[in-house]
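The chain contents come next:
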Amino acid sequence: MTAQKIVRMGDPVLRRRAEEIAGPAAEEISALAQDMADSMEEAGGVGLAAPQIGVSKRIIVFKIPAERATAEANDGPLGLQVLVNPVIEPLTGEMELGWEGCLSIPGLKGEVPRYRKILYRGYDLKGEKVLRQAEGFHARVVQHELDHLDGILYPERMTDMRRFGYGEELLRAATDIRPQDKEGDGT
């Protein structure tokens, strides 16, 4: 298949709820998933939702690289995963802040609160049910991609916009911040 252009923030397809997929095992859905996987790989991402390539369908692809997985029970490395019509359910109310980027918002990063443990369900490309628990980075990736299916971009989830900016600048600032600057009363 072929990598597609990644749609960027501001495109209307990223603002609307994506459509349910009636036949997860349909050939065109398999082809879409391959295009999405190719697009994600070419862009160097770990997850992609169909709206990010301009297709308003409820399907995501993701992977959990070994270097990003944590020691959590349900956060080990995973190869390419495809999830059609996904739904998540928080397993606890515990939230965790973590840094996120997005292929549709290139160069920017933000600190986003997400549920630490979730249960997700949906269908694979054979039309079989998928039911899995996820924690840590795995849970974060799935929640981020599901937000795309509901027309939500990660900055909308942020609670402190001072923790949003270009990756290089945030890294540089983290080494230069004085203690009073963290509270916002520095100059």
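Right, let's walk through the structure included here. Remember, predicted model here, so these are calculated numbers, not experimental data.

## Things to note about the sheet that holds strand E6 (residues 117–123)
Line of reasoning, step 1. An order of E1-E2-E3-E6-E7 is seen for the five strands of this open sheet, with the pairing classed as antiparallel. On the outer flanks of this sheet lie strand E1 (47–49) and strand E7 (129–135), each paired with one strand and no other. Direction aside, the axes of adjacent strands within the sheet are offset by 40° on average.
Line of reasoning, step 2. Relative to strand E2 (residues 59–64), E1 runs antiparallel, the two being bridged by three bridges. When the sheet's bridge partners are listed, Ala-49 is paired in E2 with Ile-60.
Line of reasoning, step 3. Contacts from helix H1 (residues 27–43) reach E1, E2 and strand E3 (78–90) within the one sheet, and its direction differs from that of E2 by about 45°.
Line of reasoning, step 4. Helix H2 (residues 136–149) contacts E1, E2, E3, E6 and E7 of the sheet and is inclined by roughly 160° relative to E2.

## Observations regarding H1
Along an α-helix, residues three or four positions apart point the same way, because every turn accommodates 3.6 residues.
Line of reasoning, step 1. With 17 residues, H1 should cover 24 Å at 1.5 Å per step; its first-to-last C-alpha distance of 24 Å lies within 8% of that length.
Line of reasoning, step 2. Listing the buried residues of H1 in full gives Ile-29, Leu-32, Ala-33, Asp-35, Met-36, Ala-37, Ser-39 and Met-40.
Line of reasoning, step 3. Of the surrounding elements, those touching the buried residues of H1 are E1, E2 and E3.
Line of reasoning, step 4. Trailing H1 by a residue or two, Gly-44 shows a phi angle of about 75°, which is positive.

Calculation rules
Residues numbered from 1 in each chain as written. Predicted model: local features only at pLDDT ≥ 70, side-chain atom pairs only at ≥ 80, totals over all residues. Heavy atoms only, no water. Pairing = 2+ DSSP bridges. Helix = DSSP H or I, 4+ residues; strand = E, 2+ residues; numbered from the N terminus. Axes fitted to C-alpha atoms, helices over the stretch in contact; angles between N-to-C directions. Contact = heavy atoms within 4.5 Å. Expected span 1.5 Å × (residues − 1). Buried < 20%, exposed > 50% of the residue type's maximum accessible area, 1.4 Å probe, protein only.

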